[in-house]
Amino acid sequence: MDTISSSASLSTPRFRCFDPTNSYHSTTTVNHRPYFLTFSANSTTASTRDCSSKDAMKNSTKYEPKIITGDDGYVLEDVPHLTDHISDLPTYPNPLQDNPSYSVVKQYFVNADDTVAQKIVVQKDSLRGTHFRRAGPRQKVYFESDEVHACIVTCGGLCPGLNTVIRELVCGLYHMYGVNRVLGIEGGYRGFYARNTVSLSPKVVNDIHKRGGTILGTSRGGYDTSKIVDSIQDRGINQVYIIGGDGTQRGASVIFEEIRRRGLKVAVVGIPKTIDNDIPVIDKSFGFDTAVEEAQRAINAAHVEAESFENGIGVVKLMGRYSGFIAMYATLASRDVDCCLIPESPFYLEGPGGLFEFIRKRLKEHGHMVIVIAEGAGQELLCESMRAMDQQDASGNKLLQDVGLWISQKIKDDFANREKMNITLKYIDPTYMIRAIPSNASDNVYCTLLAHSAIHGAMAGYTGFTVGPVNGRHAYIPFHRVTERQNKVVITDRMWARLLSSTNQPSFVNPKQVIKDKDIVDEEPRSQLLNGENHIDTLTTQERV
């Protein structure tokens, strides 16, 4: 996760009136969620350059999300459009209508009223609930091909599929819309004002999807709103594609707001990237399938090592700072794992029902065992002894101690002090091997769809959004919806129950505490409707299964 400058912050003021006639020519009722981006004087007045349009919202410092309501509880959480702050923009026929590759498609253009439902499991009396604008090409576009000057930037940690997204953005712009000018911003956000760029063409990116990492380079931190937007304005860039995690998307949201304040005709599009799959609303993030698949190699190796020695124990640490999706899905896919530990499910080491007792039991039954642990699991136990809870990296992420090494040593110490049996423990940490590999076939296809959906949205004049699949259909999602919280494993859900039945491990938690936690989750509002009194729960990926 990447940080943004202290000049930008999130606030939750009271509901305010919103005039729908500013953005819509319809009779629908408009309301909005209580999430706003606010700027300090430093961020909004750092540049003295003139805005390019007299229609710019010169005094606007808050972005009010656009909510359209309809019959039967229908709610559309819409995304901003260039026409919201620049009037009388001309439109042009979509070049795809003359593209021979799409001539066989019966209905290629998306209907203007198409939306995607966030919740698809409903009862007969349920409200229609929250929807997002469907992604895809429109009949009219707001950019001419020769006018477009796009840029692409990658931020944060590495993830399988980054190069594929870059490739498909460049090739999609060129082959679908005839765009020839695409810049790659090197080194993350700081590359904007350090003036590190590289020209990208289909020839340059032709085979980069076969390589891991990102050809543009990346970094954490280095965010400065005014410098970034100044650079965008100086270079004449009018489409910005930002690939990164939740911190990067927060930064993209602030960039969009500053561009909007200056009245620039610039589309800002986010493509969510996190190997941990901890971005909410969307079904999954790219690189996740590849990470789960590659994690199998480490688990298989740990199983071979453990099985080959008397009382052998294999410990594998996988990614998952705050969310244990990779560990959970890798465990379910492997079927060789005896115990899976994730950040969402607290555990304890000693005493009845503790981890040490379970390890002794499993060794007596099978003679070996495999433990998979997410990097964020057990940090509260580890930090009690190492006193390192407040340290952060350049992105503002909490610096985690190596829980794999720590728990391996704790297991060794426990058997050395209490048990007469000897154990052989092997610890495997494949984290950086997994992050650095190219994406697999499934993720390659997914990255292509993400890139094309992003391009279609930008060409259609949408801005200030991130793209991703919602219940299998790609949609345009407001930035604040993917940054307001993190997607986490729900340990009261059936998917976690499937894992427990697969490993036969104890839950390590008091059943009364589980019921209490579930009641708290059920009481939390996930998506406010109409007057804020009705709520719709957001389904996680595993809840849909």
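Residues numbered from 1 in each chain as written. Predicted model: local features only at pLDDT ≥ 70, side-chain atom pairs only at ≥ 80, totals over all residues. Heavy atoms only, no water.

For the chain, the name recorded in an unreviewed UniProt entry is ATP-dependent 6-phosphofructokinase, with Hevea brasiliensis as its organism. Its UniProt record gives the chain a comment under Function (unreviewed entry), which states: "Catalyzes the phosphorylation of D-fructose 6-phosphate to fructose 1,6-bisphosphate by ATP, the first committing step of glycolysis." Taken directly from UniProt, the Cofactor (unreviewed entry) text for the chain runs: "Mg(2+)". (UniProt positions renumbered as here; feature names shortened; annotations may be inferred.)

Some words on helix α10 (residues 403-418)
Spanning 16 residues, α10 covers 22 Å between terminal C-alpha atoms, matching the ideal 22 Å at 1.5 Å per step. Those residues of α10 lying buried are V403, G404, W406, I407, S408, I411, D414 and F415. By the N-cap criterion, in which a side-chain oxygen at the helix start approaches the backbone nitrogen of a residue two or three places on, α10 is capped by D402, the distance to G404 being 3.0 Å. (Helix = DSSP H or I, 4+ residues; strand = E, 2+ residues; numbered from the N terminus. Expected span 1.5 Å × (residues − 1). Buried < 20%, exposed > 50% of the residue type's maximum accessible area, 1.4 Å probe, protein only. Polar contact = N/O pair within 3.5 Å; in protein donor to acceptor, adjacent residues only side chain to side chain.)

Some words on the pattern of salt bridges
The full count for this structure, using the stated rule, is 20 salt bridges. Residue D246 pairs with R250 through a salt bridge whose shortest N-O separation is 4.0 Å. Remark: R250 and D246 occur in helix α5 (residues 246-262); sequence separation between them is four residues, near one turn of the helix. Within this structure, D230, E258, R261 and R262 form a network of salt bridges that share partners. (Salt bridge = Lys/Arg side-chain N within 4 Å of Asp/Glu carboxyl O.)

Observations concerning the sheet that holds strand β18 (residues 424-428)
Spatially, β16-β17-β15-β18 is the arrangement adopted by the four strands of the open sheet, whose pairing is parallel. With partners counted over all chains shown, the strands left at the sheet margins are β16 (339-341) and β18, one partner each. The average undirected angle you get between the axes of adjacent strands in this sheet is 15 degrees. Taken together, the seven bridges between strand β15 (residues 312-318) and strand β17 (residues 368-374) define a ladder with parallel strand orientation. Bridged to L318 within β17 is A374. (Pairing = 2+ DSSP bridges. Axes fitted to C-alpha atoms, helices over the stretch in contact; angles between N-to-C directions.)

Some thoughts on the pairing of β17
Most of β17 sits out of view: seven of its seven residues are buried. Covered by surrounding structure in β17 are H368, V370, V372 and A374 together with M369, I371 and I373, the residues of both alternating faces. Of the strand pairs in this sheet, β16 and β17 are connected by three bridges, and their pairing is parallel. The partner of C339 across the bridge, within β17, is I371. Between the parallel elements β16 and β17, the chain passes through helix α8 (residues 355-366) in a crossover that is right-handed. (Right-handed = clockwise from strand over helix to strand, strands pointing away.)

Topic: the packing of α8 against α10
Running from N to C, α8 and α10 cross one another at 70 degrees; their axes reach a closest spacing of 11 Å. The orientation of α8 relative to α10 falls into the category roughly perpendicular. As for the relative orientation of α8 and α10, their crossing is right-handed in sense. Across the interface between the two elements, L355, F356, I359, R360 and L363 of α8 pack against I407, K410, I411, D414 and F415 of α10. Its residues assigned to classes, the contact of α8 with α10 comprises seven nonpolar, no polar and three charged. (Parallel < 35°, antiparallel > 145°, perpendicular 65-115°, else oblique. Left-handed = near helix turned anticlockwise from the far one by under 90°. Contact = heavy atoms within 4.5 Å. Nonpolar A, V, L, I, M, F, W, Y, C, P; charged D, E, K, R; others polar.)

Side note on the environment of A150
Checked against the element boundaries, A150 lands in strand β10 (residues 150-154). Sequence separation between A150 and N180 is 30 residues; the distance between their C-alpha atoms is 9.0 Å. With residues up to four places along the chain from it excluded, the contact list for A150 reads L173, R181, V182, L183, I237, Q239 and Y241.

So, the state of the cysteines
If you walk through the whole model with that rule in mind, you get zero disulfides. Among the cysteines around C339, which has no disulfide bond, C340 carries the closest sulfur, lying 7.3 Å off. (Disulfide = S-S within 2.5 Å.)

So, unusual backbone geometry
Of note, N277 is a non-glycine position whose phi angle comes to about 65 degrees, a positive value. Position of N277 relative to the elements: it lies in the loop between β14 (267-272) and α6 (288-308). On the basis of relative accessibility, which here comes to 3%, the residue N277 falls in the buried class. Here the phi dihedral of N504 falls at roughly 60 degrees; this positive angle occurs in a residue that is not glycine. Its relative accessible area of 55% is what places N504 among the exposed residues.

Re the nonpolar core
One finds I152, L169, Y241, I243, I271, F286 and M328 to be the most contacted residues of the largest nonpolar core, which totals 89 residues. Residue contributions to this core peak at nine residues, all from helix α2 (residues 162-177). The residues contacting Y241, other than those within four sequence positions of it, are A150, C151, I152, V153, L169, L173, V269, A454, I455 and A458. (Core = buried A, V, L, I, M, F, W, Y, C linked by side-chain atoms within 4.5 Å.)

Regarding the confidence of the model for the chain
Residues of the chain with pLDDT of at least 70 account for 78%, and the chain-wide mean is 83. Confidence drops under pLDDT 50 across residues 1-61; counting only partners more than four residues distant or on other chains, this segment forms 146 contacts. Every residue in residues 523-545 is under pLDDT 50, and counting partners more than four places away or in other chains gives 60 contacts. (pLDDT = per-residue confidence, 0-100.)

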